[in-house]
Structures are given as structure tokens and as C-alpha cells.
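Residue-level structural notes
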Amino acid sequence: MLIRRKRGWEVPESSVTPEHLVMNRRRLLGAGAVAAASLALQGQGWFSFGDQKLPDFAAGDPSLPLYPAMRSMRYRVDRDLTEEKVAVTYNNFYEFGSSKNVWQPAQKLALRPWEIQIDGMVEQPRTVGVDDLLKAMALEERTYRFRCVEAWAMTVPWTGFAMKQFVEFCKPLASAKYIRMETFKNPEVASGQRASWYPWPYVEGLAIDEATNELAMIATGVYGKPLPRQMGAPIRLVVPWKYGFKNIKSIVRFHFTDQRPKSFWEEIQGSEYGFWANVNPKVPHPRWSQADEELIGKGGTRVPTQLYNGYGDFVAGLYTARENEKLWM
Ligand SMILES: Nc1nc2c(c(=O)[nH]1)N[C@H]1C(S)=C(S)[C@@H](COP(=O)(O)O)O[C@H]1N2
Ligand SMILES: [Mo]
């Protein structure tokens with residue numbers, strides 16, 4: 001089965017690469033490679049997954065016996081789940097390339113040992129292995145809407161734990177105001193990280209009150225199994241009221257700080273991607289509308305985008321004292 005993909009909404013974050021960095025890239029690549037790269041940026045126009053033979057992504061994962069976890073009835077969504085095969089083959093993970101088709105190269109990522117560093121303004125900096133962390137946290141399944149800034153969306157059954165429980169486990173000092181999260185850095189495994197015009201590693205951040213909001217989740221699984229690598233195994237952030245790029249994947253470090261972190265996309269293009277990045281249909285991206293979104297795997301179906309991606313009841317209160325901030329980009 002071939003699925004026709006409209007390109008209008010599929011503006012990759014890569015196309016916002018600032019001019020001086022593009023110039024750098026031209027210098028780095030030869031003329032032929034530049035032509036190939038710009039072809040890749042335009043996209044192939046066609047994308048197939050129906051015929052693709054997908055491997056068992058969770059094979060050999062030591063956390064497999066923990067799944068499926070109990071489903072929470074508190075977080076449900078009034079639209080169909082995105083088909084699993086669609087969600088696991090349509091990904092943004094720039095460490096492995098700037099196309100959506102990165103599931104294959106992502107299989108190179110080694111998931112054990114996976115040590116997570118907790119440091120900065122905490123009672124006691126420490127490192128915890130992901131399996132020890134999984135034992136210490138209460139796993140549950142929650143279905144959330146997910147909205148990429150590129151105006152595509154999906155509906156996903158994540159498994160994981162409340163970030164609030166994890167923050168308590170980290171024992172932050174009262175002076176900590178933000179959490180800065182980092183993805184692994186290993187250019188030998190992640191070919192995208194050989195592209196030196198990006199500020200690797202991928203960094204994202206949350207204010208502590210956002211991180212302890214009940215919706216904020218650290219996902220370790222999806223569709224009742226451990227996360228596949230391309231979706232950010234072994235642990236990734238899920239903050240459904242914010243644009244997708246806040247949902248940092250394959251995290252190796254949580255740094256507690258009183259300084260607002262500068263995130264990866266903010267560093268690259270601060271005029272288009274900010275710190276708060278809350279979903280708002282009325283505030284367009286500088287180059288496209290955010291009024292509606294395409295549900296991936298649904299033959300081009302578009303639905304209206306909702307304020308805070310539909311989660312205003314949970315999170316609007318976080319922002320009443322922050323009205324002067326750029327909350328929507
Ligand atoms: N480390 C890292 N995390 C990342 C990204 C990335 O390129 N690298 N892309 C972000 C973007 S733009 C989106 S939309 C989501 C996509 O998550 P998914 O592939 O699981 O759907 O991951 C986010 N987290
Ligand atoms: Mo995204």
C-alpha cells in the first residue's frame with residue numbers, strides 16, 4: 001500500500017536551518033552531495049509502510065516482562081489510536097537523519113547499559129541504570145494526543161511513569177526552577193550527529209511546575225511494549241500540551257538548575273522555536289498555520305487543533321502568571 005503524503009504540512013525542522021549553517025553545509029559537502037541533500041529535503045513525495053516488513057522492535061529488551069502495564073482510565077482520547085505500524089515508521093529523530101524514515105538506522109542504538117545522570121541542584125547527584133529506575137517507578141499506560149509543530153498529529157498509548165514521581169526521586173533543592181534534559185551523544189552510532197552544524201546533544205527543558213504537572217510523563221514504552229529505538233528508547237519525555245519537539249528522546253541526563261535551559265531548536269532558530277512551545281491553533285508558526293493538523297495514517301484527514309492540544313483543563317493554570325512570556329512558540 002502506498003500512501004500519498006502531502007508535503008505542505010510536512011515542513012521538516014531541517015528546512016529552517018539558518019543560512020550561515022546552510023553555507024557551512026555547502027562547504028562541507030561537495031556540490032553533488034548538496035544536490036542530493038536538497039532533494040532529500042524536498043522529500044520523495046511518496047512514503048510506504050504497508051508492505052514494509054517490520055522487525056520485532058522489543059526483541060531482547062530486558063524490561064519486556066513489565067509490559068503491558070495497567071491502563072489509566074483518567075487519560076483517554078476521543079479519537080482513534082494511530083496504527084502502531086504508522087507511529088513506529090514515521091518519526092523525527094535527527095540523530096539518525098532528517099527524514100521521517102529513520103527507524104532502520106535507529107536500530108544501531110544500544111539500549112543497555114543505559115545510565116541516567118541526575119545532577120545540578122539536587123540533594124545528592126547520582127547515576128541510575130534504567131532497569132533500576134523502572135523498578136522504582138509506577139508504570140501505567142495513558143493514551144495522549146501528540147502534536148508536532150509541523151502540523152501532523154497522532155494518538156498514542158504510552159507506557160511510563162508520572163514525571164512528578166521521578167522528580168521526587170531526584171530530590172531537587174528548593175532553589176531548582178528548571179530541568180534540563182539531554183539525549184545521548186554518539187556520532188559513531190547516530191550518523192546525524194556527524195552533522196556538525198547542529199548543536200548536539202539534543203537538549204530540552206521544562207520548568208519544575210510543568211514537570212510535576214500530572215500530565216508530564218516519562219515514557220518507557222508504547223503500544224504495550226518497551227519503546228522502539230526510533231521512538232526514543234529507553235526513556236523519553238511526553239508532554240502532550242506542547243509541540244512535539246519538546247518531547248526529547250533517549251534521555252541520558254536530567255540537570256536541575258535555576259537557569260532556563262536553551263533547547264536544541266531554540267538554539268538553531270529561536271525566532272521560530274521557543275522554550276514554552278504550548279500548542280495554540282490561533283498562533284501560526286512564522287511560516288505556516290497551526291489551525292489544523294493531519295492525523296498520520298488516516299489518508300490525509302485533517303482535524304482542528306485545540307488550545308493546549310486539548311489539555312487546557314490540566315495545564316492552563318501553569319501559565320496565568322507567565323502571560324508576558326512567548327507561550328505559544
Ligand atoms: N533526541 C531527539 N528527540 C526528539 C527529536 C529529535 O530529533 N531528537 N524530535 C522531536 C520531534 S520534532 C518530534 S515531533 C518527536 C517525534 O516523536 P516520535 O518520532 O516518537 O513520533 O520527537 C521529538 N524528540
Ligand atoms: Mo516535531
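None of the values given here were measured: they were computed from a predicted structure. (Residues numbered from 1 in each chain as written. Chains lettered and ligands numbered in written order. Predicted model: local features only at pLDDT ≥ 70, side-chain atom pairs only at ≥ 80, totals over all residues. Heavy atoms only, no water.)

A full pass over the atoms with the stated rule returns 31 aromatic pairs. The interplanar angle of 70° and the centroid separation of 6.4 Å between the aromatic rings of Phe 93 and Phe 184 together place this pair among those described as edge-to-face. Of this pair, Phe 93 sits in the loop between α3 (84-87) and α4 (103-106) while Phe 184 is found in the loop between β7 (178-183) and β8 (203-207), placing the two residues 91 residues apart along the sequence. Residue Phe 93 shares its accessibility class with Phe 184, and that shared class is buried. (Phe/Tyr/Trp six-rings, centres within 6.5 Å; stacked < 30°, edge-to-face > 60°. Helix = DSSP H or I, 4+ residues; strand = E, 2+ residues; numbered from the N terminus. Buried < 20%, exposed > 50% of the residue type's maximum accessible area, 1.4 Å probe, protein only.)

Time to look at the confidence of the model for the protein. On average, residues of the protein score 88 in pLDDT, and 84% of them reach the 70 mark or higher. For the stretch residues 1-48, pLDDT sits under 50, and the model shows 77 contacts to residues farther than four places along the chain or on other chains. (pLDDT = per-residue confidence, 0-100. Contact = heavy atoms within 4.5 Å.)

This part covers the pattern of salt bridges. The final tally for this structure, using the stated rule, is 23 salt bridges. One salt bridge connects Asp 131 with Arg 112, and the closest N-O pair in it is separated by 2.7 Å. A residue pair is termed long-range when its members are at least 10 positions apart, and Asp 131 in helix α5 (residues 130-136) and Arg 112 in the loop between α4 and β3 (115-120) qualify at 19 residues. Here Glu 293 ties to Arg 147 by a salt bridge, and the two come within 2.8 Å at their closest N and O atoms. You can see Glu 293 sitting in strand β13 (residues 292-295) and its partner Arg 147 sitting in strand β5 (residues 140-147), a full 146 residues away along the chain. Members of the salt-bridge network, linked through shared partners, are Asp 119, Arg 180, Glu 182 and Arg 253. (Salt bridge = Lys/Arg side-chain N within 4 Å of Asp/Glu carboxyl O.)

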